[in-house]
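Working through the structure, step by step
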Amino acid sequence: MKPGIHPPYGPVVFRDRAAGFAFLTRSTATSDKTVEWEDGRTYPVIDVEISSASHPFYTGTARVLDTAGRVERFERRYGSRGGPR
């Protein structure tokens, strides 16, 4: 890598306020806000709206769409265009 053209890469805490979940990782993102982590050190903290702890796909609360029922309802309403291609 060329020196002097890349942003600093260091430890950052990402915190999901909705779920009360936080994790420490390395990133080029930074913040003026800080938090004291479990190891006793202070790190910059970035608050996020959604994470794997609160996203419906990862928590298992995602709704499953009935795509077959929607297709059938569409065909009943507008008819199928099943002709030769």
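Here the structure is a predicted model, which means the values were calculated and not measured.

Here is what the cut-offs are and how they apply
Residues numbered from 1 in each chain as written. Predicted model: local features only at pLDDT ≥ 70, side-chain atom pairs only at ≥ 80, totals over all residues. Heavy atoms only, no water. Pairing = 2+ DSSP bridges. Helix = DSSP H or I, 4+ residues; strand = E, 2+ residues; numbered from the N terminus. Axes fitted to C-alpha atoms, helices over the stretch in contact; angles between N-to-C directions. Phe/Tyr/Trp six-rings, centres within 6.5 Å; stacked < 30°, edge-to-face > 60°. Buried < 20%, exposed > 50% of the residue type's maximum accessible area, 1.4 Å probe, protein only.

1. Focus: the pairing of strand β4 (residues 42-48)
Inspection of the sheet shows strand β1 (residues 10-16) paired to β4 by four bridges, in the parallel sense. Considered in β4, the bridge of V13 is made with V45. Bridge count between strand β3 (residues 34-36) and β4: three bridges; the pairing is antiparallel. Residue pairing for β4: T34 is matched across the bridge by P44. Hairpin connection of β3 to β4: five residues between the antiparallel strands, including G40 at a positive phi of 90 degrees.

2. A word on the sheet that holds strand β2 (residues 21-27)
In spatial order, the strands read β2-β1-β4-β3; together these four strands make up an open sheet with mixed pairing. Of all the strands in the sheet, the pair left with one neighbour each is β2 and β3. For this sheet, the mean inter-axis angle between neighbouring strands, taken without regard to orientation, is 45 degrees.

3. Let's talk about the packing of aromatic side chains
For any pair of aromatic rings, the description consists of the separation of the ring centres together with the inter-plane angle of the planes. This structure, assessed with the given rule, holds three aromatic pairs. With 5.8 Å between their ring centres and 25 degrees between their planes, F14 and F23 make a pair best called stacked. Looking at F23, the relative accessible area reads 36%, which means it is partly exposed. When the ring of F21 is compared with that of F23, the centres are 5.9 Å apart and the planes differ by 40 degrees; the resulting orientation is tilted. By relative accessible area, F21 is classed as partly exposed at 31%. Taken together through their ring pairs, the aromatic side chains of F14, F21 and F23 make up a single cluster.

Everything listed is a geometric property; what it means functionally is a separate question.
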